[in-house]
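A structural walkthrough
Next come the chains, spelled out residue by residue.
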Amino acid sequence: MNKIELQNEVTDINDIFLADDINHSWHSFTLMKEYIDDNPIMITNSSGCWLYDSKGRRYLDGFASMWTNIHGHNDPELKEALASQLNSLPYSSYVTLTHPKAAELSGKMIEIAPKGLSRIFFVNNGSNANETALKISFQYWQHMGKPEKREVICLKEGYHGSTFGAMSAGNSEIFHKRFKHWCFKSISIPAPECLEYGGKVHFSNDNESIKALEELLVKRSSEIACLILEPSIQPAAGTGMRMQPPGFLKKIVNLCREFNVHTIFDEIFVGFGRAGHLFACNMDNVVPDFLCLGKGISGGYFPFAATMTTEEIYQSFYADYKEGKAFFHGHTYSAHPMGCAVVLKSIEKLQRLIASGKFESTVNMFGKITTEFFKNHPYVRQIRQRGFIFALDLYPGKEGKDFPLSDRIAHNVSMLARTKEVIIRAFFNGISFVPPFIINEEEVRFLCQRTSESIIEYISKHSKKS
Ligand SMILES: *Cc1c(COP(=O)(O)O)cnc(C)c1O
């Protein structure tokens, strides 16, 4: 139906590939009709915070290539780590074998993670990291002679990935509703409220959430295996980037400990500095029973993820064959040597960035400029910012009625922004900035300026129409 016929004059080999893409490929989380109507962009090169397309146009990567990129694109050190691994051992299996980079990375991760997490299980993506934690928790309670502990608590509008177990533990209308019939049931509690930007918490309330958890645990903890949540920020809740107040995680962990329920922190988005701390659990100085990592772990240079857990949980699986306690779970490319090599280098670079003070000063600069720019913007109802995460909610100004979601306002604004050299992500009526950590002041201003222009241009035109 969408079949693209190539023009006689093909000036660019990438036009042929683009035709193949449009005619034959199916993109993740993408409404293909909109994607094709919006004129697909073929990204061919990258450097620092910038992406370049086949036509030679540039784009500031305002969503860090789906929240993965922390050190910028085309980084020489990360490329060197990959190249040198490629020249010694591109791949060897981790099933009953090991290799130096995975071994070294295991040690490194335990060194940097909150004390108490002493074991790491490597996987390939965030959904798998969460599924791994869930399955270990379920099996652990069987080892403990408590097979009835098998329910999962989650936060309202949680998102933990696309696979069935991850969907079951999630609670998001758009992502999960359609597949509910095939998912296991989980129990959701309300998410807390918090508003932070420019380095200040302006409002917070977690009473309802904590009360609901407490009541649930009092009644049913003997049936509950674990609680899973995205600490600090739920990226796919509300209009995007829903925040949790400082202190909330501590209350959660303390309550769950008291009632013998595992805590699983899905830090796939917030981990590795994204939310302003190396790990989000550092914000409240707590240690979950499971820490799930993905996205930023490899800085966007290799598909990689991991699940960390405690020695106590690991030890419950450590037994002779006849006891049948092996964890029969995993993925073919787990602990890929190329991934391990680049993750190690990425951690080294992140530690350097933090030690130099540059990490903190960039967060402050990012928070200050985004706040100044959008706090009193005529079409912005609310802003939120923590670490390298900024979100704004669009509205038609004080007099207007809220934009119906079917108008695709934020989406269309983000598409207009592409013509102004920035790539930003829209979610319902929200727009977010999730830049690489190396972004400089000029680039943050560029991101804000071009986004603001797109908002004003699109909304003023749209308001006249309707
Ligand atoms: C992206 C994401 C996932 C899923 O990770 P994949 O690598 O896409 O499977 C899970 N949880 C959170 C919070 C995420 O941001």
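Here, the structure is the one placed above.
Below or above, wherever it landed, is the structure these notes cover. Just so it is clear, the structure is predicted and the values come from calculations on it, not from any experiment.

Further remarks concern the sheet that holds strand S18 (residues 425-427). Taken together, four strands build an open sheet; the order of strands is S15-S16-S19-S18 and the sheet is antiparallel. Of all strands in the sheet, those bounded by a partner on one side alone are strand S15 (380-386) and S18. Mean inter-strand twist for the sheet, computed between neighbouring axes without regard to direction, equals 20°. Here S18 runs beside strand S19 (residues 430-433); their pairing, made up of three bridges, is antiparallel. Residue pairing in the sheet places Arg 425 in a bridge with Ser 432 of S19. Running over the sheet, helix H13 (residues 358-374) touches S15, strand S16 (389-394) and S19 and is turned about 175° from S15.

This paragraph deals with unusual backbone geometry. We note that Phe 29 has phi near 50°; this positive angle belongs to a residue other than glycine. The exposed category is assigned to Phe 29, whose relative accessible area is 57%. For Arg 408, which is not glycine, the phi dihedral falls at a positive 55°. Looking at where Arg 408 falls in the secondary structure, it is placed in the loop between S16 and helix H14 (409-419). Note on Arg 408: relative accessible area 35%, which makes it partly exposed.

Summarising burial for S15: five of the seven residues are buried, a large majority. Sheet topology note: the S15/S16 ladder contains six bridges and is antiparallel. Paired with Arg 384 across the bridge in S16 is Ala 391.

A few words on the pattern of salt bridges. Scanning the entire structure with this criterion turns up 27 salt bridges. With a shortest N-O distance of 2.9 Å, Glu 196 and Arg 386 are connected by a salt bridge. Here Arg 386 lies in strand S15 and Glu 196 lies in strand S7 (residues 193-197), a separation of 190 residues in the sequence. You can call Glu 196 buried: its relative accessible area is 12%. In this structure Arg 386 comes out as buried when scored by relative accessible area, which is 3%. When the shortest N-O distance is used, the salt bridge between Lys 368 and Glu 372 registers 3.5 Å. Residue Lys 368 and its partner Glu 372 are both found in helix H13; the two are separated by four residues, about one turn of the helix. A cluster of three or more residues bridged by salt bridges with shared partners is formed by Asp 75, Glu 77, Lys 345, Glu 348, Lys 349 and Arg 352.

The next point concerns the site of the ligand. In the vicinity of the ligand lie 13 residues, with Gly 126, Ser 127, Tyr 159, Asp 266 and Lys 295 positioned nearest. It is helix H6 (residues 126-143) that contributes the most residues to the shell around the ligand, three residues altogether. Taken together, the residues of the shell around the ligand sort by class into four nonpolar, six polar and three charged.

At a minimum axis separation of 9 Å, helix H5 (residues 100-112) and helix H12 (residues 337-355) run at an interaxial angle of 35°. Considering only the axes of H5 and H12, their crossing is left-handed. Residues Lys 101, Ala 102, Glu 104, Leu 105, Lys 108, Met 109 and Ile 112 of H5 form the contact with H12, whose participating residues are Pro 337, Cys 340, Ala 341, Val 343, Leu 344, Ile 347 and Gln 351.

A few words now on the packing of aromatic side chains. Inspection of every chain in the model, using the stated rule, returns 24 aromatic pairs. Ring plane angle 45° and centroid distance 5.6 Å describe the contact between Phe 373 and Phe 374, whose orientation is recorded as tilted. Residue Phe 374 is classed as buried on the basis of its relative accessible area of 0%. Residues Phe 427 and Phe 428 carry aromatic rings whose centres are separated by 4.8 Å and whose planes lie at 65° to one another, so their mutual orientation is edge-to-face. Classification of Phe 428 as partly exposed rests on a relative accessible area of 34%. Linked through ring pairs, Phe 29, Tyr 159, Phe 175, Phe 427 and Phe 428 together constitute an aromatic cluster. Directly above the aromatic system of Tyr 314 lies the positively charged group of Arg 119, at a separation of 3.7 Å from the ring centroid. Its end group placed over the ring of Trp 141, Lys 149 keeps NZ or CZ at 4.5 Å from the ring centre.

The rules behind these values
- Residues numbered from 1 in each chain as written.
- Predicted model: local features only at pLDDT ≥ 70, side-chain atom pairs only at ≥ 80, totals over all residues.
- Heavy atoms only, no water.
- Pairing = 2+ DSSP bridges.
- Helix = DSSP H or I, 4+ residues; strand = E, 2+ residues; numbered from the N terminus.
- Axes fitted to C-alpha atoms, helices over the stretch in contact; angles between N-to-C directions.
- Contact = heavy atoms within 4.5 Å.
- Buried < 20%, exposed > 50% of the residue type's maximum accessible area, 1.4 Å probe, protein only.
- Salt bridge = Lys/Arg side-chain N within 4 Å of Asp/Glu carboxyl O.
- Near = heavy atom within 4 Å.
- Nonpolar A, V, L, I, M, F, W, Y, C, P; charged D, E, K, R; others polar.
- Left-handed = near helix turned anticlockwise from the far one by under 90°.
- Phe/Tyr/Trp six-rings, centres within 6.5 Å; stacked < 30°, edge-to-face > 60°.
- Lys NZ or Arg CZ within 6 Å of the ring centre and 35° of its normal.

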